[in-house]
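Here is what each chain is made of, one letter per residue.
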Amino acid sequence: MKILLVTPPLTQLNTPYPATCHLLGFLRSKSIEAEQMDLSIELVQALFTQNKLEEIFQQVAAHTKLSKQNRIILQQADFYLRTIEPVMRFLSGKDSSLAQRFSERAFWPASKRLPSDDDLEWGFGMIGNHDRATHLCTLYLKDLSDFINQTIDPHFELIRYAESLCLRLPEFEPLQAELQKPHSLIDKLMLELIAKKVTETKPEMVAFSIPFPGNLYSALRCAQWLRKEHPAIKISIGGGYVNTELRSITDPTIFDYTDYILFDDGELPLLRLLTGGELIRTLYRSSTGEIVRMNFDNKENIKFAEIGTPDYDGLLSNNYINLIELTNPMHALWSNGKWNKMMLAHGCYWGKCAFCDGSLDYIHRYESASIVLIVNRMEEIMQQTGQSGFHFVDEAAPPVLLRKLAEEIIRRKLTVSYWTNVRFEKSFTPELCYLMVQSGCIAISGGLEVASPRILELINKGITIETARESMKNFAEAGIMTHAYLMYGFPTETALETLDSLEIVRGLFEEGYIQSAFWHRYAMTIHSPSGLHPETVGAKHIETPKGSFANNEIPFTTAHEIDLEYYGKGLNLATYNYMQGVGYDKNIREWFR
Ligand code: SF4
């Protein structure tokens, strides 16, 4: 059975989302006919063209009620029509000669996002013209995206589609209602693209990999279209969103859109589906309308060493675009640069953090492969993509593996750059950090979570503030940039502990030990140790009826509840300033006024 693997819109635009590449590499290694498409970047490329913008401006011109900002954009429609294609060419690296022109502030129309000359000079200096131009083009695209969101399609955002609708969906009904509405301009464009691909590739199955809530609506819109136009094509869905949210689904309505829902790593479930073997971790609807769960708890998987090399075929001609929203170089890594994405190992070697989905396979099953095989995979991917930058998307790359990786890269005399996630543990000595830099490591990210000794212990992070600081210092002194994941609102965390945590983070920025950070609100999930045993972290579930569609977050009560919105705003405001290199001298309480 021939399969088409699809990343539905919208997700990152600078480089392919890795799931379909991993599956394609594996399926082809089993001689299965398979193709892939990144509908996300294809949609953005088709949308930001002169013709499409013209259609959008014409539709919006008929609106009677427009905000001031949208009226200004409409008045400057000629500028946007003239510049959109050169901007997209520049952002996709096809015409770098425009950098000088685009880096001039005077080139751009007035907008509330447009930074001052001083801010630009502070961010990029006198010679950073290319990044400065990328930054200004990014702000221009964000203005246009807001315009489309507010006038044409409220579901559209630059890197997510209908996310707010799908973020919390205990019942399928709101999504079902939305899917019955007429197609929006964006829907039509997306369906035209998938129609073309289906005509070209003639698949017998289309599989949508849905990583986030912001990819669910578009996957089902495409599936709905396939059902109508190509009823013989089988449809399946899987991916991160499905794995975390749909495990306890009881409403069979989603099977109006898909034939199968696949869980955890997709290699084996897809292989069985395509070759007629016994289904595994697969849900389908029986002829009598009930959901059938085939070997749902079966843990059998293809070994990490045997999944093959990710295959980028079919994505190489896409014009991925570089975006720089903030002037912070660490922050920019997520949206700027064509990173080859692969894993050094499967799962997390620690797997015990109280908030993390430790009971799910993607964290729980730690499996490594020989470093020779990993570096062979790197070399094969470099051959395919012509790019030597890697983002190792591991949950937490073990120090011992990073050491072997660095030694092997150096032994083979490869010139690469890479970045990855780690735990801030004491094994990251000055010597290991130096070795990592020599082999091409440019940045790392890791969870400091709540910088409070009591809460770190409650989280079971297995690190202390002292060891984390020491490893961050070692990274910084070796020249590796660091991003810290932070958390607020953990059960029993007091207002004072939240402020103390920010004070530690402030110090880390000021000392130059971290360059970027982000605060996530703690969410109690049903797959985490804290969700499974809330009493161990001082919390109690609030009994609520179980949803028949998505179930992941659990409401809870705890001692010392704080105003999460108020603290979240202050923490993020402070950190946003620290990332721009300002505000260190301000008393941290001032961020909460
Ligand atoms: S939070 Fe990170 S280190 Fe902790 S268990 Fe999850 S993946 Fe592992």
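None of these values were measured; they are calculated from a predicted model. (Residues numbered from 1 in each chain as written. Predicted model: local features only at pLDDT ≥ 70, side-chain atom pairs only at ≥ 80, totals over all residues. Heavy atoms only, no water.)

Participant: So, the overall build of the chain: which residues are in play, and what are the values?
Facilitator: If you tally the helices and strands in the chain, you get 24 helices and 19 strands. A buried classification covers 59% of the 593 residues belonging to the chain. Considering only contacts in the chain between residues 6 or more positions apart, those separated by 24 or more positions represent 76%. The positive charge centre, built from 58 side chains, and the negative charge centre, built from 73, are 2 Å apart in the chain. (Helix = DSSP H or I, 4+ residues; strand = E, 2+ residues; numbered from the N terminus. Buried < 20%, exposed > 50% of the residue type's maximum accessible area, 1.4 Å probe, protein only. Contact = heavy atoms within 4.5 Å. Lys, Arg positive; Asp, Glu negative; His and termini not counted. Charge placed at Lys NZ, Arg CZ, Asp CG, Glu CD.)

Participant: Account for the side chain of Thr482, with residues named and values stated.
Facilitator: Looking at the secondary structure, you find Thr482 in strand S16 (residues 481–488). You can call Thr482 buried: its relative accessible area is 0%. In this structure, Thr482 is in contact with Met330, Phe424, Ile444, Met472, Phe475, Tyr513, Ile514, Gln515 and Ser516, ignoring residues within four places of it in sequence.

Participant: Could you give an account of the site of the ligand, naming the residues involved and the relevant values?
Facilitator: Taken together, Cys348, Trp350, Gly351, Lys352, Cys353, Phe355, Cys356, Ile363, Glu395, Arg423 and Lys461 are the residues near the ligand. Partitioning the shell around the ligand into residue classes produces six nonpolar, one polar and four charged. (Near = heavy atom within 4 Å. Nonpolar A, V, L, I, M, F, W, Y, C, P; charged D, E, K, R; others polar.)

Participant: Give a description of the pairing of strand S17 (residues 516–521) that names residues and reports values.
Facilitator: In this sheet, S17 lies alongside S16 in parallel orientation, the contact comprising six bridges. Its bridge partner being in S17, Leu486 is matched across the sheet by Trp519. Crossover handedness for the path S16 to helix H22 (residues 495–510) to S17: right-handed. (Pairing = 2+ DSSP bridges. Right-handed = clockwise from strand over helix to strand, strands pointing away.)

Participant: Describe empty space enclosed by the protein, with residues and values.
Facilitator: Evaluation of the coordinates by the stated rule reveals two cavities of 30 Å³ or more. Estimated volume of the largest cavity: approximately 80 Å³. Tyr80, Trp108, Pro109, Ser111, Arg113, Leu114, Leu136, Leu139, Tyr140 and Asp143 together form the lining of the largest cavity. Top contributing element to the lining of the largest cavity by residue count: helix H8 (residues 129–151), with four residues. A breakdown of the residues in the lining of the largest cavity according to their chemical character gives seven nonpolar, one polar and two charged. Of the voids in this model, the second largest cavity is the one considered here, and its volume is about 30 Å³. What lines the second largest cavity is His22, Phe304, Ile307, Pro310, Met342, Met343 and Arg377. Broken down by class, the residue content of the lining of the second largest cavity amounts to five nonpolar, one polar and one charged. (1 Å grid on protein atoms, 1.4 Å probe; cavity = no way out; pocket = protein on both sides within 12 Å on 5 of 7 lines; lining within 4 Å. Points joined across faces, edges and corners; volume = space filled by probe spheres on them.)

Participant: Describe the sheet that holds S17, and please don't skip the residues or the numbers.
Facilitator: With parallel pairing, six strands are arranged side by side in an open sheet as S10-S13-S14-S15-S16-S17. The open sheet has two free edges, formed respectively by strand S10 (340–342) and S17, since each of these has just one partner strand. Each adjacent strand pair in this sheet contributes to an overall mean axis angle of 20°, direction not counted. Across the sheet, helix H17 (residues 371–385) is in contact with S10 and strand S13 (389–392); its angle to S10 comes to roughly 150°. Together, strand S14 (417–422) and strand S15 (441–449) form the strand contacts of helix H19 (residues 430–439), whose direction differs from that of S15 by roughly 135°. (Axes fitted to C-alpha atoms, helices over the stretch in contact; angles between N-to-C directions.)

Participant: Give a description of the packing of helix H7 (residues 117–124) against H8 that names residues and reports values.
Facilitator: The interhelical angle for the contact between H7 and H8, taken along N-to-C directions, is 130°, at an axis separation of 10 Å. The orientation of H7 relative to H8 falls into the category oblique. Crossing geometry of H7 relative to H8 is assigned as right-handed. On H8, the residues touching Asp117, Leu120, Glu121 and Phe124 of H7 are Asp131, Arg132, His135 and Leu136. Among the residues making up the contact of H7 with H8, the classes are represented as three nonpolar, one polar and four charged. (Parallel < 35°, antiparallel > 145°, perpendicular 65-115°, else oblique. Left-handed = near helix turned anticlockwise from the far one by under 90°.)

Participant: Explain the packing of aromatic side chains to me, using residue names and the numbers behind them.
Facilitator: Under the criterion given, the structure shown has 33 aromatic pairs. Centre to centre, the rings of Phe172 and Tyr257 are 5.9 Å apart; their planes meet at 70°, and the pair counts as edge-to-face. Placement of the pair is Phe172 in the loop between helix H9 (163–166) and helix H10 (173–179) and Tyr257 in the loop between helix H13 (240–245) and strand S7 (260–262), with a sequence separation of 85 residues. Residue classification places Phe172 among the buried positions, given a relative accessible area of 1%. Cluster of aromatic residues (ring-pair linked, three or more members): Phe57, Phe79, Tyr80, Phe90, Phe102, Phe107, Trp108, Tyr140 and Phe147. In this structure, Lys352 packs its charged tip against the face of Trp350, placed 4.2 Å from the ring centre. (Phe/Tyr/Trp six-rings, centres within 6.5 Å; stacked < 30°, edge-to-face > 60°. Lys NZ or Arg CZ within 6 Å of the ring centre and 35° of its normal.)

Participant: Break down the nonpolar core for me, citing the residues and quoting the values.
Facilitator: Formed by 180 residues in total, the largest nonpolar core has its most connected members in Phe48, Phe208 and Leu405. Excluding residues within four positions of it along the chain, Leu405 makes contact with Leu344, Ile371, Ile374, Val375, Met378, Phe392 and Tyr418. In terms of nonpolar packing, the next biggest core, distinct from the first, is built from 14 residues, Met487, Phe490, Met524 and Val537 among them. (Core = buried A, V, L, I, M, F, W, Y, C linked by side-chain atoms within 4.5 Å.)

Participant: Describe the environment of Leu220, listing the residues and the values that go with them.
Facilitator: Along the polypeptide, Leu220 turns up in helix H12 (residues 216–229). Filtering out sequence-adjacent residues up to four positions away, Leu220 remains in contact with Phe172, Leu175, Leu179, Ile254 and Tyr257.

Participant: Just give me the short version of helix H21 (residues 465–478), but keep the residues and values in it.
Facilitator: With 14 residues, H21 ought to run about 20 Å at 1.5 Å a step, and its terminal C-alpha atoms sit 20 Å apart, in line with that. Taken together, the buried positions of H21 are occupied by Ile465, Ala468, Ser471, Met472, Asn474 and Phe475. Two residues or fewer after H21 comes Gly479, characterised by a positive phi angle close to 95°. (Expected span 1.5 Å × (residues − 1).)

Participant: With reference to specific residues and values, describe the sheet that holds strand S6 (residues 234–238).
Facilitator: What the seven strands build is an open sheet, ordered S2-S1-S5-S6-S7-S8-S9; its pairing is mixed. Two strands close off the open sheet at either side, each with one partner strand: strand S2 (34–38) and strand S9 (291–294). Each strand of the sheet is rotated relative to its neighbour by a mean of 20°, with strand direction disregarded. When S6 meets S7, the two strands line up parallel, connected through two bridges. Note that in S7 the partner of Ile237 across the bridge is Ile261. Against the sheet, helix H1 (residues 18–29) engages strand S1 (3–7), S2 and strand S5 (205–209), with an angle of about 170° to S2. Strands S5 and S6 of the sheet are contacted by H12, whose axis makes an angle of about 170° with S5.

Participant: Please provide a residue-by-residue account of the packing of helix H3 (residues 50–61) against H8, values included.
Facilitator: Viewed as axis vectors pointing N to C, H3 and H8 meet at an angle of 45°, and their least axial separation amounts to 11 Å. Accordingly, the angle class assigned to the pair H3 and H8 is oblique. The two elements H3 and H8 meet at a crossing, and its hand is left-handed. Every residue of H8 that contacts H3 at Leu53, Ile56, Phe57 and Val60 is listed here: Leu144, Phe147, Ile148 and Thr151. Across the contact of H3 with H8, the residue classes break down as seven nonpolar, one polar and no charged.

Participant: If you had to explain the environment of Lys68 to someone new, which residues and values would you point to?
Facilitator: Assignment of secondary structure puts Lys68 in helix H4 (residues 68–75). The exposure class of Lys68 is exposed, given its relative accessible area of 61%. Sequence spacing of Lys68 and Leu532 is 464 residues, and the spatial spacing of their C-alpha atoms is 49 Å.

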